[in-house]
Each structure stands twice: as structure tokens, then as C-alpha cells.
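Per-entry structural report
For reference, the chains in residue letters:
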Amino acid sequence: MSAIQVVPISYYVWLSAILFSIGVMGVLFRRNVIIVFMCIELMLNAVNLLMVAFSSMLNDAAGQIFVFFIMAVAAAEVAVGLAILVMIFRNTKSVDIDFLNKLKR
Amino acid sequence: MNALLILSALGIFALLTDILGLKKILFPASIVALIGAMVASGLEWGHHTSYFNGMMCTDNTAILYTELLLFAGLMWFLICGSSIREHQTEHYAILSFALAGAVVMVTFSNLVMLFLGIEILSISMYIMAGSQKDKYSSNEAALKYFLMGSFSTGFLLFGIALIYGCTGSFFTSGIAAAIQQPMTLPHGMLLAGVLLILTSLVFKIAGFPFHFWAPDVYQGAPDTITAFMASVVKIAATAAFFRLFSMAFGSMVQEWSFTLCLIAIGSMMIGNMGAVLQDNLKRMLAFSSVAHAGYMLIAIITLNKFSEAALLFYITAYTLATLASFAIIIRVGQENGNGDVSSLAGLGKRNPLAAATMTIAMLSLAGIPPLSGFFAKYFLFNAALQENYTWLVLAAVAGTLISVYYYFRVIHSMLILKGSEEKISNSPIQIIVMLVLSALLILLGIMPDLLLSRIGS
């Protein structure tokens, strides 16, 4: 039995659920866009942890392969997100999410 | 599958045209490639082939949705191709990749492919929403779309992980089989996974209570990109929603149908009431698309033998009408930039063909017979009544009655209000697009069997 399998699966589920919830709270309550990005990354990494734990529990490699896909896509997503943020910073000189209210009337 | 290869090749080709000095042939090449992809996809009809170890499956429904996506893409290129002058090659490349992602979303039979399809489509759209770099509204739309999109992706992935843990499979067929068996892990975890995926997909189709990004993003993004979002993105997200829930979670329909009923009713009410209050045309269409997402959810709730055909017909009618209305919005927007409903005033005199097309599109969206929008709603409500969802249908009919007000407001503005007298000319391509779209809207209304007979076979 490998080290990852010694810990009961429910511990992993709760740990990733907590990490995921911290990420969700951060996205909902933080005002700085860069911190919001980090919180989204935290959500994705909680998922990665859960995938790997399940993959090891089920003795099935598919979950770990999925983690690679998530990592690659998350990198692409952040690249685009940071580009958008730089574009906004050039126009407004701010990375505060409260600036994003010009479209409502 | 060949359609996917052609679209990816088109995207790469578009990126290379700048270097190779082939910019002039990019527009015709894209049109030819899209028509070629439609033919290639049509040739797979009836074969039911699996690709990538069964991770994608081109069954007949997938082929019909692929054809619809490619048709919407083709119409989009015809409508907007000439109006994109800055960064033309990047626009073409990214939108080809977005179409490829949409095709993956309607063909998947494994959750990995669903995730990749959603991301290929979404990441392309984040870039496109912000493509007017120096305009503040476009910046804001891009960031909002990005934050909401990646937030909902997190939910999707957490849901997929929980379902993987419970069922041990990413294949839709494997999940469906495992749900029938007794499980090692608690049933609540499976249900949590399903609800998280549901939340994320409701985000993607902009249903209540996760619709708040749609009006801002539709309004802020460039007109051409909003047209793409309202057609291609909506088709792909709704089709993927239906495909996943009918193929993988169909057997536990009782457990999620009530949640989805509330979401559907909320979308229809908030969408229609919100649209009544809007002056900006794109914002109004965004709320109307929230309402239409609510109607489409009815098909996912009912999940009987009629609902698949009803949903396909509804999405087709919705897409045709949306593309037609955006063709006019983009044309008028080039003349008069404020984008309000009042900017259409006097269009009946300024450009009769555009006004006629817009009238047909609005009547179809409102569901007035004999246009295709009426039969789309009829088939959908009929499917719901078979399952005794009378109150859901009543709510939908009430929503439709509200919607008549704001669709007729557009028609009133075009045909009755006085505006500037200056004529707006049409290019030959625009005339063809308007005629084709209005002809299809009328034709599918008179002969719905043209499309419906394909599904039963």
C-alpha cells in the first residue's frame, strides 16, 4: 500500500473541499483582481488534489492524466487572464474589481 | 471529426497568412473551409464512429449540432468578415479555434473532452471579448467574462472529480452504468458532483441565477463578437448540457430535475422582465438569451423521446433569428454607434430589406406563427406536457407573453418611429445572408419536418 493510500479517502475529500471553498470565498470577497486569479488557481489545485487521490484509490491512471490537462489549461487561462488585466491596467491604472461598473446604467 | 481537423487547419492557416502574404485569400479560404467542413461532417452521417479510444463519438445528433455550428460560423463569417479590418488574421484564427472547441463540445463522450471543448471555446472568447483594446467597455466585458468563466470552470472540474471518485470513469457510458450499481462512496457525493456540474453549465448558458455576467459582456464586447457568443457559444453550451445530462445522468433525473425547474422558471422570468427594462439593443438581446436558455432547459428537464428533437429545433430557430438580428445590428451600428433600440428608428424607410429581416427575426423569437420560433416553442412545450410539467409550461407561456412586448418594441421603432432619412446600403453578401436567414426562418416554420425527420432516423 503506497503512502497516499494509507490516509483514508474521506480526508482528501474534506481537505480539497475546504481548499476549494477558500478559493470560492476569495473569488467572491476579495477586490484585487490578482488575488482573485490566485483564488481561482487554488480552486483548480483543490481539484487536482482530489483527482490524484481518487486516481490512487481506484488504481486508475485516468485521473492523473486529467490533472495534466487541468494544469495545461489553467496555464493557458492565466496567460489570457493576465493579458486582459495588463490591458485594463493600461487604461485605468488600477487592478481593483470595483472599477468594473461602467457598463450598468 | 474531419470537420474538427479542417477547422484546426483553417486556424493555423489563418495565423500563417500574415507571414506568407496571403491575406487577400483568407476570407474566401475561410468560407470554402467551412463549407468543406460541413460536407465532411455530413459524410459521417449514420456511421456512428468513435474517435480517440471512444472519447468522441459522432452520432447523428452530434453531426446535426456540428452542422448547425458550422452553418452559424459560416453565416457569422459572411456577416462580419468584411467589417473586421484590424488584426484580421488573429480574429479568423481564434474564431476558427473557437468553432473547433464548440464542435468538440457537441461530440464528446468523455468528460475530459467536454472540459477541453469548453476551455478551447471559452479561452478564445475571452480574448475576442477584449479585442477592442483601447475601448473601456470591451476591457470590462473581457475581464468579467474571464472571471466568471474560469470561476465556473472550477465548479465543473470539482464536479467531474467527485463523479470520477464515485463512478471510477470519465466516460459518459461508464458513468451511466456505474450509477445503476451500488457504490463504495456515499450517494450524496455523486449528487454534489452532479449539482456542481449543473451549476457550471448553467453559468455557461447564462441561466438564472448565474446570468448576471451576460448583459454586461454582451453589451461591452464588440458587436461582431456578441453575435458569435449569442449563436455559436449558446448552441455549443446547450447541446453539451443536454448531451451530458441525457447520456450520463439520465437515470437520476428525479434528483436534479426540480433544481433545474427552478432555474428554468427563474431564467424565463428574470430574462423576460429584464429585457423589458433595457434600452440598449445588445443588452436587451442578452436578457432575451437568458430567457431562451430557460426555455431550452425545459428539454433537459423532460428528457423523453421528444425532447432531443424539440431542443435541436429550438436551438436552430433561435440561432437563425439571433444571427439575422445581429446582421442588422452590426450593419446599423456601423452607421450610428449608440446601439439603442431607438437607433433603429426609421429603418423601414432607410433599408427595407434589413427592416423586413429584423421583423421576421423578432417575430420568430417572440414565437408568432407561422415562423419557426412558434413551432420550436410548440414542440418543446409538447415534450414537457407529455411528462406532466403543466406548471412549467404555464410559466413558459407567461414568459413568452412578456417577451412579445420588447420584441414588438423593436419592430415599432423600426417601422413606425421617425428617424433619419439617410439610406443604408447593403453589400451583395449582406443581401444574400438576410435572404437566406429569413427564408430559413419561414421555411422551417412551414415545414418543420425538414429538420425533425432527421432526428428519428
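Residues numbered from 1 in each chain as written. Chains lettered and ligands numbered in written order. Predicted model: local features only at pLDDT ≥ 70, side-chain atom pairs only at ≥ 80, totals over all residues. Heavy atoms only, no water.

Focus: the overall build of chain B
For chain B, the helix and strand inventory stands at 19 helices and two strands. Scaling as 2.2 N^0.38, a compact globule of 457 residues should have a C-alpha radius of gyration of about 23 Å, and chain B matches this with 21 Å. The buried share among the 457 residues of chain B stands at 65%. Of all intrachain contacts in chain B linking residues separated by at least 6 positions in sequence, the fraction that spans at least 24 positions is 79%. (Helix = DSSP H or I, 4+ residues; strand = E, 2+ residues; numbered from the N terminus. Rg over C-alpha atoms; globule rule 2.2 N^0.38 Å. Buried < 20%, exposed > 50% of the residue type's maximum accessible area, 1.4 Å probe, protein only. Contact = heavy atoms within 4.5 Å.)

A few points about the nonpolar core
Residues and elements named next belong to chain B. Residues M125, F245 and F249 are the most contacted members of the largest nonpolar core, which totals 213 residues. Here this core gets 19 residues from one element, more than from any other, and that element is helix α13 (residues 307-335). When neighbours within four sequence positions are excluded, F245 is seen to be in contact with V194, I197, L198, L201, G250, W256, I300 and L303. (Core = buried A, V, L, I, M, F, W, Y, C linked by side-chain atoms within 4.5 Å.)

Some words on the packing of helix α8 (residues 187-204) of chain B against helix α11 (residues 253-276) of chain B
All names here are of chain B. For the pair α8 and α11, the least separation of the axes is 11 Å and the interaxial angle reads 25°. On the basis of the axis angle, α8 is roughly parallel to α11. The handedness of the crossing between α8 and α11 is right-handed. Within the contact between the two elements, α8 uses H187, L191, V194, L195, L198 and V202 and α11 uses E255, W256, T259, L260 and I263. By residue class, the composition of the contact of α8 with α11 is eight nonpolar, two polar and one charged. (Axes fitted to C-alpha atoms, helices over the stretch in contact; angles between N-to-C directions. Parallel < 35°, antiparallel > 145°, perpendicular 65-115°, else oblique. Left-handed = near helix turned anticlockwise from the far one by under 90°. Nonpolar A, V, L, I, M, F, W, Y, C, P; charged D, E, K, R; others polar.)

Quick notes on the layout of surface pockets
Residues and elements named next belong to chain B. Roughly 1200 Å³ of volume is contained in the largest pocket. Around the largest pocket, the lining comprises 46 residues; the ones closest to its centre are H91, S131, Q132, P222 and T224. Taken together, the residues that form the lining of the largest pocket break down as 19 nonpolar, 18 polar and nine charged. (1 Å grid on protein atoms, 1.4 Å probe; cavity = no way out; pocket = protein on both sides within 12 Å on 5 of 7 lines; lining within 4 Å. Points joined across faces, edges and corners; volume = space filled by probe spheres on them.)

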